[in-house]
Amino acid sequence: MSLSAIVMWGANNIYNLRTLEGRICENVRIKGKVLPGTDISEANPLAPGDLVTLVEEEGGVRILERQERRNVVHRWNRKRRKMQAIAANVDTVFVVAAPEDPPYRPNFVDRVLVMAELAGIPAAVILNKADKAVPPEVERHLSILGDLGYPLYRTIAGEAARRIHHEGDLPAFRKDTARAVSVLVGRSGVGKSSLVNSLIPEANLATGDTSTKYQRGRHTTTLAKQVVSLDSRAGGAMYIDTPGVREFDLLGYDCSEIAAGYRDFLPFLPHCRMPGCTHLHEPDCSVLKALAEGAIARERYDSYQRLAMNILEENR
Ligand SMILES: Nc1nc2c(ncn2[C@@H]2O[C@H](COP(=O)(O)OP(=O)(O)OP(=O)(O)O)[C@@H](O)[C@H]2O)c(=O)[nH]1
Ligand SMILES: [Zn+2]
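Residues numbered from 1 in each chain as written. Chains lettered and ligands numbered in written order. Predicted model: local features only at pLDDT ≥ 70, side-chain atom pairs only at ≥ 80, totals over all residues.

Things to note about the overall build of the chain
Filter applied, for reference: For helices the rule is a DSSP run of H or I covering at least 4 residues; for strands it is a run of E covering at least 2, with both sets numbered from the N terminus onward. The exposure label follows from counting other C-beta atoms within 10 Å of a residue's C-beta, where the C-beta atoms are placed from the backbone and the thresholds are 20 or more for buried and 12 or fewer for exposed, leaving partly exposed in between. We call two residues in contact when their backbone-placed C-beta atoms lie within 7 Å.
Tallying secondary structure elements over the chain gives nine helices and 13 strands in all. Of all 316 residues assigned to the chain, the portion counted as buried reaches 40%. The long-range fraction of contacts in the chain, counting pairs at least 24 apart against all pairs at least 6 apart in sequence, stands at 64%.

Things to note about the pairing of strand β13 (residues 238–241)
How we decide: At least two DSSP bridges between two strands are required for those strands to pair.
Here β13 shows two buried faces, one formed by Met-238 and Ile-240 and the other by Tyr-239 and Asp-241. With four bridges joining them, strand β11 (residues 181–186) and β13 adopt parallel strand pairing. Bridging across to β13, Leu-184 finds its partner in Asp-241.

Some remarks on the UniProt feature "binding site: Zn(2+)" (unreviewed entry) in the chain
Quick note on the threshold: UniProt positions are given in the numbering used here, feature names are shortened, and annotations may be inferred rather than shown by experiment.
The sites that UniProt annotates as "binding site: Zn(2+)" (unreviewed entry) are Cys-272, Cys-277, His-279 and Cys-285. Looking at the element boundaries, Cys-272 is found in the loop between α7 (255–259) and α8 (286–292). When near neighbours in sequence (up to four residues on either side) are disregarded, Cys-272 contacts Cys-277, His-279, Glu-282, Asp-284, Cys-285, Ser-286 and Val-287. Note on placement: His-279 falls in the loop between α7 and α8. Overall, the presence of 26 C-beta atoms within 10 Å leaves His-279 in the buried class. Excluding anything up to four places from it in sequence, His-279 contacts Ala-259, Cys-272, Cys-285, Val-287 and Leu-288.

A word on unusual backbone geometry
The step from Asp-101 to Pro-102 runs through a cis peptide bond, and the omega angle for that step is 5°. Examined against the element boundaries, Pro-102 turns out to sit in the loop between β8 (92–97) and α1 (106–119). Look at His-279: it is not a glycine, yet its phi comes out positive at around 65°.

A look at the nonpolar core
Heads up, the rule is: Buried Ala, Val, Leu, Ile, Met, Phe, Trp, Tyr and Cys residues form a nonpolar core when they are connected through C-beta atoms within 7 Å.
With 80 residues, the main nonpolar core has Val-93, Val-95, Val-96, Ala-97, Val-112, Val-125 and Val-183 as its most contacted residues. Sort the elements by how many residues they give to this core and α1 lands first, with seven residues. Residues in contact with Val-125, not counting those within four places in the same chain, are Val-95, Ala-97, Val-109, Leu-142, Leu-145, Tyr-150 and Leu-152.

Considerations on the environment of Val-114
Along the polypeptide, Val-114 turns up in helix α1. Residue classification places Val-114 among the buried residues on the basis of 24 C-beta atoms within 10 Å. On a C-alpha basis, the gap between Val-114 and Glu-167 in space is 28 Å, while along the polypeptide they are 53 residues apart. Setting aside its immediate chain neighbours within four residues, Val-114 contacts Leu-250, Ile-258, Gly-261 and Tyr-262.

Comments concerning the domain arrangement of the chain
Here is the rule: All the domain ranges listed were derived from an automatic or database domain assignment. Classification convention: Asp, Glu, Lys, Arg as charged; Ala, Val, Leu, Ile, Met, Phe, Trp, Tyr, Cys, Pro as nonpolar; all other residues, Gly among them, as polar.
Considered domain by domain, the chain is made up of domain 1 (2–66), domain 2 (72–241) and domain 3 (255–315). If you look at the interface, domain 2 gives 10 residues, while domain 3 gives 12 residues. At the level of secondary structure, the elements contributing two or more residues to the side of domain 2 that touches domain 3 comprise α1 and α2 (136–147). Considering every element that reaches the side of domain 2 that touches domain 3, the biggest residue donor is α1, with seven residues. Taken together, the residues of the side of domain 2 that touches domain 3 break down into five nonpolar, two polar and three charged.

So, helix α5 (residues 192–199)
Of all the eight residues making up α5, eight are buried; the element is thus mostly covered by neighbouring parts of the structure. Along α5, the residues classified as buried are Lys-192, Ser-193, Ser-194, Leu-195, Val-196, Asn-197, Ser-198 and Leu-199.

What about helix α9 (residues 298–315)?
The test is simple: Expected helix span is given by 1.5 Å per residue-to-residue step, counting one fewer step than there are residues.
The end-to-end C-alpha distance of α9 is 26 Å, a good match for the 26 Å that 18 residues give at a rise of 1.5 Å each. Looking at the packing, one finds that the buried side of α9 touches α1, α2 and α7.

Digging into the sheet that holds strand β4 (residues 51–57)
Across a sheet, strands are paired by hydrogen bonds formed along the backbone, either parallel or antiparallel in direction. Heads up, the rule is: For helices, the axis comes from a line fit to the C-alpha atoms of the stretch in contact; other axes are also lines fit to C-alpha atoms, and the angle between any two N-to-C directions lies between 0 and 180 degrees.
The strand order around the closed barrel formed by five strands is β1-β2-β3-β5-β4, and the pairing between neighbours is mixed. For this sheet, the mean angle separating the axes of adjacent strands, direction not counted, is 50°. Sheet analysis places strand β1 (residues 2–11) next to β4, joined by five bridges and oriented antiparallel. If you follow Ile-6 over to β4, its bridge partner there is Leu-51.

This is the structure:
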């Protein structure tokens, strides 16, 4: 008899799964060498959120195949120099940032949004540590993103929330994600694990002190972990907490693909004169024209430019 299950997390090809009936299966292995439904060029055959078919065998269950993915969240793996799936079958990608400690990086936020656009997944922004003062340039970037239609939640998590008895927009976030699969992507120390712990106290993810973590460059979260709400009546919210990273590279794409991940560039892209326009220097580039006319925000173009230059350098 075969049954379906969702991958929660795994390492070294051993996975923890939850069947659709809610049964947890730990330390499950793949049957055979290559998993049907996957490609050997993939850095990892399964990611949190993947649906798999299981077979019940003597000695326990095995993973028989990966079911078709609705979508997949990727990240460039610097060490292995390939795209790595960090989550699959996702409803929303949340880029988590903080006003400070670690400092807000507009380029990082834009890159995660571009990745979500290219994967066809709705995206939103969480400004955690909203108990701290927000610098004006951070407000400016958030308002540009708001104008582009990205929802924003200003949250307070963990100890800070308990101290001031206020969680900001966390209750609204909880409500909006109650039946969904959500992925949290952010730099190390912005408070992703604290957020998940505040949402689901049973989750008990390890959280760290940023100051020490920062100085030593230690990362608390080493594996993408999927935390499943135990309240099945509420639909079973799933939060995939991904390891914190310093940079979010998008090197698996070329410039024209990247530009299509900038929502604000889309109306202009069909009007560039040069085929394969990189929007960096070409004559009659409609993106550069829109920038000059103020129809594209300088901050957004700057982050595109940096990303495009990275890609050109990498492919040289
Ligand atoms: N002031 C304030 N501090 C917070 C808030 N949320 C989390 N923190 C603190 O920020 C630090 C880092 O939190 P974590 O939850 O470990 O951060 P993370 O993003 O999961 O870090 P990685 O696992 O390295 O990716 C901890 O000391 C938390 O207590 C908040 O809303 N306000
Ligand atoms: Zn152009």
